[in-house]
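In case you want the letters, here they are:
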Amino acid sequence: METREKIIIIGGGFAGLQLAKTLNNKNKKVIVLDRMNHHMFQPLFYQVASGRIEPSNISFPFRKIFQQSRNTQFRMTDVKEIDTANNKVITDEAEFTYDKLIIATGCKTNFFGNKELEGKAFGMKNTQEAISIRNHVLITFEKLILEKSRSDDGNWNIVIVGSGPTGVELAGAFAEMKKDILPRDYPYMNFDHLKIILVSSTEKPLAVMSAEAQDKSEKYLKDLGVTFMSGEVVTDYDGDKVHLKSGKEIPSNNVIWAAGVTGNVVGGFPEEKLVRNRYIVDRYNKIKGYENVYAIGDIAYMETPKYPQGHPQVANVAINQAKNLGKNLLRKNPSEWNEYEYDDKGSLATIGKHRAVVDLPFIKFQGFLAWYFWMFLHLMLILSVRNKLAIFFNWMWSYINKDSSLRLIILPTKKNETLQ
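Computed from a predicted model, the values in this text were never measured in an experiment.

Engineer: Would you mind going over the sheet that holds strand E1 (residues 5-10) with me for this structure?
Structural biologist: The strands making up a sheet are joined through hydrogen bonds of the backbone, oriented either antiparallel or parallel. The strand order across the open sheet built from five strands is E5-E2-E1-E9-E21, with neighbouring strands paired in parallel fashion. Taken across any chain shown, the strands that pair with only one partner, and hence form the sheet edges, are strand E5 (72-76) and strand E21 (293-295). The average angle at which neighbouring strand axes cross in this sheet is 20°, direction not considered. Looking at chain direction, E1 and strand E2 (residues 28-34) are connected through six bridges and run parallel. Residue pairing in the sheet places isoleucine 10 in a bridge with leucine 33 of E2. Contacts from helix H1 (residues 14-22) reach E1, E2, E5 and strand E9 (100-103), with the element oriented near 155° to E1. On top of the sheet, helix H8 (residues 315-329) reaches E1, E2, E9 and E21; it is set at about 175° to E9, its chief contact.

Engineer: Help me understand unusual backbone geometry, please; the structure alone is not making it clear to me.
Structural biologist: Most peptide bonds take the trans form, and the phi angle of most residues other than glycine is negative. The phi dihedral of asparagine 25 falls on the positive side, at around 60°, and the residue is not glycine. Within the secondary structure, asparagine 25 sits in the loop between H1 and E2. In the Ramachandran plot, phenylalanine 112 falls in the positive-phi region, its phi being about 55° despite a non-glycine side chain. By secondary structure assignment, the location of phenylalanine 112 is in the loop between strand E10 (107-109) and helix H4 (115-120).

Engineer: Looking at this structure, I do not really get a negative patch on the surface. What am I missing?
Structural biologist: A cluster of acidic side chains, namely Glu147, Asp152, Asp238 and Asp240, defines a negative patch on the protein surface. The partly exposed category is assigned to glutamate 147, whose relative accessible area is 36%.

Engineer: Any chance you could explain the sheet that holds strand E6 (residues 79-83) here in plain terms?
Structural biologist: Pairing within the open sheet is antiparallel, and its three strands lie in the order E6-E7-E8. Of all strands in the sheet, those bounded by a partner on one side alone are E6 and strand E8 (95-97). Neighbour-to-neighbour, the strand axes of the sheet open up by a mean angle of 20°, direction not taken into account. By the bridge criterion, three bridges tie strand E7 (residues 88-91) to E8 in an arrangement that is antiparallel. Within E8, the residue paired with valine 89 across the bridge is phenylalanine 96.

Engineer: How should I be thinking about the domain arrangement of the protein chain in this particular structure?
Structural biologist: The parts lose accessible area when they come together, and the size of an interface is often stated as this lost area. Partitioning the protein chain into structural domains gives domain 1 (6-109 + 262-336) and domain 2 (115-259). Distance from the C-alpha centre of domain 1 to the C-alpha centre of domain 2: 32 Å. Listed as interface residues are 18 residues of domain 1 and, on the opposing side, 18 residues of domain 2. Both sides of the domain 1 and domain 2 interface together cover about 1,500 Å² of buried area, and 62% of this is carbon and sulfur. Broken down residue by residue, the surface that domain 1 buries against domain 2 is led by Tyr46, Ala49 and Thr109, which jointly contribute 35%. Along the contact surface separating domain 1 from domain 2 lie two salt bridges. Across the salt bridge formed by glutamate 176 and arginine 52, the nearest N and O atoms sit 2.7 Å from each other. Summed over the shared surface of domain 1 and domain 2, the number is two residue pairs in polar contact (both at pLDDT 80 or more).

Basis of the calculations
Residues numbered from 1 in each chain as written. Predicted model: local features only at pLDDT ≥ 70, side-chain atom pairs only at ≥ 80, totals over all residues. Heavy atoms only, no water. Pairing = 2+ DSSP bridges. Helix = DSSP H or I, 4+ residues; strand = E, 2+ residues; numbered from the N terminus. Axes fitted to C-alpha atoms, helices over the stretch in contact; angles between N-to-C directions. Contact = heavy atoms within 4.5 Å. Patch = residues over 30% accessible without salt bridge, like charges linked within 9 Å, V, L, I, M, F, W, Y side chains within 5 Å. Areas by Shrake-Rupley, 256 points an atom, 1.4 Å probe, with all protein chains shown as cover. Salt bridge = Lys/Arg side-chain N within 4 Å of Asp/Glu carboxyl O. Lys, Arg positive; Asp, Glu negative; His and termini not counted. Charge placed at Lys NZ, Arg CZ, Asp CG, Glu CD. Buried < 20%, exposed > 50% of the residue type's maximum accessible area, 1.4 Å probe, protein only. Domains from an automatic or database assignment. Buried area = accessible area lost by both parts, 1.4 Å probe. Polar contact = N/O pair within 3.5 Å; in protein donor to acceptor, adjacent residues only side chain to side chain.

Structure (structure tokens):
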């Protein structure tokens, strides 16, 4: 009887999950390792942070996903190191042997080595961080209504650093919250004082998109009342003030960092195997210098004729690298393996109701139609029917009433603390 090849996948993000699904119920033994017990749909984190949808709507337990699988197992554990000499993955609880290893650990927020920023500003790369942003912003307003004064200007400034899709979408969501929701929740507060400030190191938002998308998104932000600070670089944040390279300072107790990502590198590899905190891989996603270790998604650095500086760290790259590698792993003859190249399907972003920008290879459009296109595409990418329906209901309710009922402040209780 033929022994099944044992494949370990570290990480259950877009890349890791897609690879596991491609290998599902095939003649392989697959083990998925992740420090969380669920997959997260990151493009909608900003809606969790602004109280539009619940975290459970965009979170999918791995054990539910693989419930019917005959060959895939899941283990919740934190990987510490890879012992490539002995084909072992070392975690904080156990060791796992493998025949082939695929690293799909994705990215985390890049604070560029600034520990002060990292300790005081909020990132938004996982569910916990999105919930923390929601809690912190809502607690700010609860404090303000008790103080009944503007003694601390920092409470009235929500600062978002970074004008990529995450920053732009979050700024739009908070601007609509300021206009349509907060005045009804806090009828005795004057929200004219509340400022949504988007700090950008580039001259225009959405710098990776077309000029039309950049111009339109800037107009949408201004129409919503967002203060767009272009050509500004944040050098520090002490918890009270955001310090800019130009010498300007912005008082704020609510700072969200969306200005870049860096790879979640696993220990056990020499520095020369990395470029900009990403594993150097060949066209088959094999880490150079290793015969049975691969990297896919955001953590993989692959140079190709179309992308000599590596592929963009976006979900579409991760998903399609996983599909390509999965199909290759199922081929018995390595000579039949296909190289990977990214086929850019386009990009899009939304900046509030009826405001979105879409860049496709054959057409670019903005506004009402783009907004519906954005909603339809994201809804189709959600995994389960139940979650699709829940999100659709929340979106429709918000569309009709300009409101949601999801602004819950949920804080962890201390050990042995009882609720009164």
